[in-house]
Amino acid sequence: MDSWVFITADGWSGALEAPRALGGRVVAVVVGPRELAEGVAAAGPDEVRWVEPKPGVPPEAFSLPLADVVAAAAPAVLVAGADPAARALLGAAAAALEVPLLPGAVGLAVEDGHLRVRRALAGGQTIETCAPGGGVAVIYAGEDAPAATRPEATIEVLGLTCSPLAIGASEPVGQASGLSDAERVVSFGRGVRAREDVAIVQALADACGAELACSMPIADDLGWLDKSRYVGRSGNHIAPALYLAVGIAGAPQHLEGVRGARIVAAINNDPDARIFQSADYGIVGDLYEVVPALVAEIDKLDK
Ligand SMILES: Cc1cc2nc3c(=O)[nH]c(=O)nc-3n(C[C@H](O)[C@H](O)[C@H](O)COP(=O)(O)OP(=O)(O)OC[C@H]3O[C@@H](n4cnc5c(N)ncnc54)[C@H](O)[C@@H]3O)c2cc1C
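Residues numbered from 1 in each chain as written. Predicted model: local features only at pLDDT ≥ 70, side-chain atom pairs only at ≥ 80, totals over all residues. Heavy atoms only, no water.

Engineer: Looking at this structure, I do not really get the overall build of the protein chain. What am I missing?
Structural biologist: A tally of regular secondary structure across the protein chain gives nine helices and 14 strands. Principal-axis analysis of the C-alpha atoms places the extent of the protein chain at approximately 70 × 45 × 35 Å. Residue burial in the protein chain is summarised as follows: out of 303 residues, 48% are buried. When the accessible area of the protein chain is evaluated, it comes to approximately 14900 Å², of which 52% is carbon and sulfur surface. Each charge class in the protein chain can be summarised by its mean position, and for the 22 positive and 38 negative side chains these summaries are 1 Å apart. (Helix = DSSP H or I, 4+ residues; strand = E, 2+ residues; numbered from the N terminus. Buried < 20%, exposed > 50% of the residue type's maximum accessible area, 1.4 Å probe, protein only. Areas by Shrake-Rupley, 256 points an atom, 1.4 Å probe, with all protein chains shown as cover. Lys, Arg positive; Asp, Glu negative; His and termini not counted. Charge placed at Lys NZ, Arg CZ, Asp CG, Glu CD.)

Okay, structure coming up:
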């Protein structure tokens, strides 16, 4: 079962490795700088097809001509990682092939000759297994894979002419304003029990001069903050001087978003919470007591 994997930015290794389980050829389509194509080739897919955009031309501009190439090859499986440009290329190719698109895939397999796609739902609390009837396009959201040692693939240049995009972006979207370059971020998770209690952590953020952020379920499932405010693998990747996690368990998918933080501090009432393994400082306690007490102490410093 041949697979084509769309790669436009770093963080591609999981998406490239996932289709190996299918046993067919893995073709990596790289739209980006030469170094990116070389890095992908070194991971040993069966083939690398490389498109080099001119400066200022986004990878998405190649969606339609690339979709024609994919449609002619008709691979059974299309894969993209989580980055927006790769997903746009995948979407156009899926439309050209008229195959369904499944987001949130964490695993691909062949069982009894049939393709199975495992998807994470409800923030990873549930895994469903889909059995597509034919070809399929998946957005891979699973673990990163360790770099493989395989013979390096050759890089074939795809000479595509990009079509002018019918849409344009006047300013970056998807990243909450202020969060990406904030010095301090106070972030909260499901330890906060009710929407009205968000005011408690907002008060701490205000006292610290910090931006407010959250874990994925707070934005995605509960809608207490805008989706542009959650941190993690599928959300914001930030590098503040201080990241203060309040009532957040510290799932690997969450921590991926704060790898660049200089100091991670955590407040959690469970002494065994995973966040404490990654935190430089931790307070074991009930956030409903600890946060107001912290705010009171910070207020005293200001006087
Ligand atoms: C493919 C995939 C991608 C994902 N991407 C992301 C992502 O980008 N970002 C993300 O955040 N998650 C992501 N997730 C979800 C992630 O796996 C976790 O489910 C999620 O981060 C958990 O959120 P949480 O820590 O707020 O909630 P919980 O896991 O419910 O943790 C709540 C924490 O609060 C503590 N607590 C409870 N009450 C109190 C109290 N009174 N005082 C102090 N502490 C308290 C608990 O001890 C617990 O540790 C992803 C999952 C999958 C499968």
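Engineer: Teacher, can you tell me more about the pattern of salt bridges here?
Structural biologist: Opposite charge on two side chains makes pairing possible when the charged atoms of those side chains draw close. Applying the stated criterion to the full structure yields twelve salt bridges. E47 serves as the salt-bridge partner of R25, at 2.3 Å between the closest nitrogen and oxygen. Linking R25 in the loop between helix 1 (13–17) and strand 2 (26–31) with E47 in strand 3 (residues 47–51), this pair joins segments that are 22 residues apart in sequence. Using a relative accessible area of 36% as the deciding quantity, one classes R25 as partly exposed. Among the residues examined, E47 registers a relative accessible area of 15% and is labelled buried. (Salt bridge = Lys/Arg side-chain N within 4 Å of Asp/Glu carboxyl O.)

Engineer: Looking at this structure, how should I read the domain arrangement of the protein chain?
Structural biologist: Size of an interface, as often reported, equals the accessible area lost when the parts are brought together. We note that the domain assignment places domain 1 (3–157) and domain 2 (184–302) within the protein chain. The C-alpha-based centres of domain 1 and domain 2 are spaced at 33 Å. In this complex, domain 1 contributes six residues to the contact, which on the side of domain 2 involves four residues. At the surface where domain 1 touches domain 2, the tally comes to zero salt bridges. Viewed at the interface, domain 2 and domain 1 are joined by two residue pairs in polar contact (both at pLDDT 80 or more). Counted by class, the side of domain 1 that touches domain 2 contains one nonpolar, three polar and two charged residues. (Domains from an automatic or database assignment. Contact = heavy atoms within 4.5 Å. Polar contact = N/O pair within 3.5 Å; in protein donor to acceptor, adjacent residues only side chain to side chain. Nonpolar A, V, L, I, M, F, W, Y, C, P; charged D, E, K, R; others polar.)

Engineer: I'm lost on the nonpolar core in this one. Help?
Structural biologist: A general feature of soluble globular proteins is that nonpolar side chains tend to end up buried together. Membership of the largest hydrophobic core comes to 29 residues, with the highest contact counts inside it found for I7, L16 and V117. At four residues, the largest contribution of residues to this core is made by helix 2 (residues 34–42). Excluding residues that lie within four positions of it along the chain, I7 makes contacts with W12, L16, A28, V29, V30, V31, L36 and V40. Within the second largest apolar cluster, 27 residues are counted, among which are F188, V201, A205 and Y288. (Core = buried A, V, L, I, M, F, W, Y, C linked by side-chain atoms within 4.5 Å.)

Engineer: So what exactly am I meant to see when it comes to the sheet that holds strand 8 (residues 136–140) here?
Structural biologist: Backbone-to-backbone hydrogen bonds join strands into a sheet, with any given pair of strands oriented parallel or antiparallel. With respect to topology, nine strands assemble into an open sheet ordered 7-6-5-8-4-1-2-3-9, the strand pairing being mixed. Looking along the sheet, the strands with just one partner apiece sit at the ends: strand 7 (126–130) and strand 9 (155–157). Taking each pair of neighbouring strands and ignoring which way they run, the sheet shows an average axis angle of 30°. Sheet topology places strand 6 (residues 114–121) next to strand 7; five bridges connect them, and they run antiparallel. Paired with V117 across the strands is C130, a residue of strand 7. Strands in contact with helix 3 (residues 63–73) are strand 1 (3–7), strand 2, strand 3 and strand 4 (77–80); relative to strand 1, the strand with the most contacts, it is inclined by about 165°. (Pairing = 2+ DSSP bridges. Axes fitted to C-alpha atoms, helices over the stretch in contact; angles between N-to-C directions.)

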